[in-house]
Amino acid sequence: MKVLASLCLALLTLALAAEPARALLADRHKANGMGCADCHGEGPRQPVETDKCLSCHESWEALAKRTAKNKMNPHDNHVVNANGECNQCHHAHRPSEVVCAQCHQDLPFKL
Ligand code: HEC
Ligand code: HEC
Ligand code: HEC
Ligand code: HEC
């Protein structure tokens, strides 16, 4: 019985560990052929501003179109329309998070 219990525990631990962690955003850009300088420029590495992201990703409107299938749109809503910043949700070197979750449950999207 004790053996069975620890086997179950081992399997559960394995299952949890198997939850696929998404690659970090900087690595996903790297996989698309971009390097550090594409976001940071050549100088000392500073946090990257929204304008820099938009120099490639065009506009909030264009992004909203890409995520329009969602019941709530992460790029078109009462939080980002006023004064949105990409880094409210997207982080390059640590896992991203969805700021909406502070107030809304059961969001129709994740990062
Ligand atoms: C997709 C754009 C992007 C790419 C590519 C990228 N970074 Fe970043 N980097 C950021 C953003 C945004 C931040 C701000 C912190 C965060 O979001 O994790 C940052 C923060 C940093 C910081 C800390 C700066 C500070 O003052 O807090 C360093 C150092 C850094 N990046 C180095 C690198 C290196 C080295 C590479 C290449 C291997 C790289 N970055 C690639 C976007 C990027
Ligand atoms: C040098 C151009 C460039 C810059 C600067 C850039 N990106 Fe990207 N990004 C791309 C390209 C190209 C792709 C892959 C094609 C696509 O999804 O648009 C991409 C993909 C993404 C994706 C989708 C990744 C995936 O695998 O689903 C996100 C999210 C993203 N970028 C956010 C950001 C954010 C936030 C910043 C600013 C910190 C940023 N990007 C800066 C060019 C850029
Ligand atoms: C409120 C949180 C939030 C903010 C702020 C935000 N995003 Fe996103 N973004 C998301 C979420 C959530 C997804 C995944 C949506 C999905 O799976 O349909 C996403 C997906 C993306 C994608 C991939 C779209 C695709 O075709 O799958 C790109 C590119 C992107 N974001 C870029 C940006 C850039 C650039 C900014 C700043 C101008 C930004 N985002 C600001 C939450 C956000
Ligand atoms: C600080 C708390 C807070 C945050 C963070 C927040 N919301 Fe809200 N949201 C509210 C409140 C309060 C309402 C109005 C009451 C209601 O309709 O439930 C609302 C209403 C809404 C509505 C329905 C009304 C409308 O404007 O269409 C949508 C959709 C929505 N939020 C999406 C989002 C998304 C997407 C995010 C993340 C980018 C987000 N919210 C972040 C508090 C928040």
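Definitions and cut-offs
- Residues numbered from 1 in each chain as written.
- Chains lettered and ligands numbered in written order.
- Predicted model: local features only at pLDDT ≥ 70, side-chain atom pairs only at ≥ 80, totals over all residues.
- Helix = DSSP H or I, 4+ residues; strand = E, 2+ residues; numbered from the N terminus.
- Buried ≥ 20, exposed ≤ 12 C-beta atoms within 10 Å, placed from the backbone.
- Contact = placed C-beta atoms within 7 Å.
- Near = placed C-beta within 6 Å.
- Nonpolar A, V, L, I, M, F, W, Y, C, P; charged D, E, K, R; others polar.

## Remarks on the overall build of the chain
1) Next: Each helix and strand counted, the chain has six helices and zero strands in total.
2) Next: Starting at the N terminus, the α and β elements of the chain follow one another as α-α-α-α-α-α.
3) Next: Looking at the chain as a whole, 5% of its 111 residues qualify as buried.
4) Next: Put simply, of all contacts in the chain between residues at least 6 apart along the chain, 38% involve residues at least 24 apart.

## Examining the site of ligand 2
1) Next: Neighbouring ligand 2 are 16 residues; D38, C53, C56, C86 and H90 lie closest to it.
2) Next: With five residues, the top contributor of residues to the shell around ligand 2 is helix α4 (residues 50-57).
3) Next: When the residues that make up the shell around ligand 2 are grouped by side-chain class, the tally is eight nonpolar, five polar and three charged.

## Describing the site of ligand 1
1) Next: Taken together, 17 residues surround ligand 1, and among them C36, C39, R45, P47 and A92 come closest.
2) Next: Sorting the residues of the shell around ligand 1 by element identifies α2 (25-31) and α3 (36-40) as the ones contributing at least two each.
3) Next: Top element by residues in the shell around ligand 1 is α3. It accounts for four residues.
4) Next: Split by residue class, the shell around ligand 1 holds eight nonpolar, six polar and three charged.

It is worth stressing that arrangement in space is one thing and function is another; only the former is reported here.
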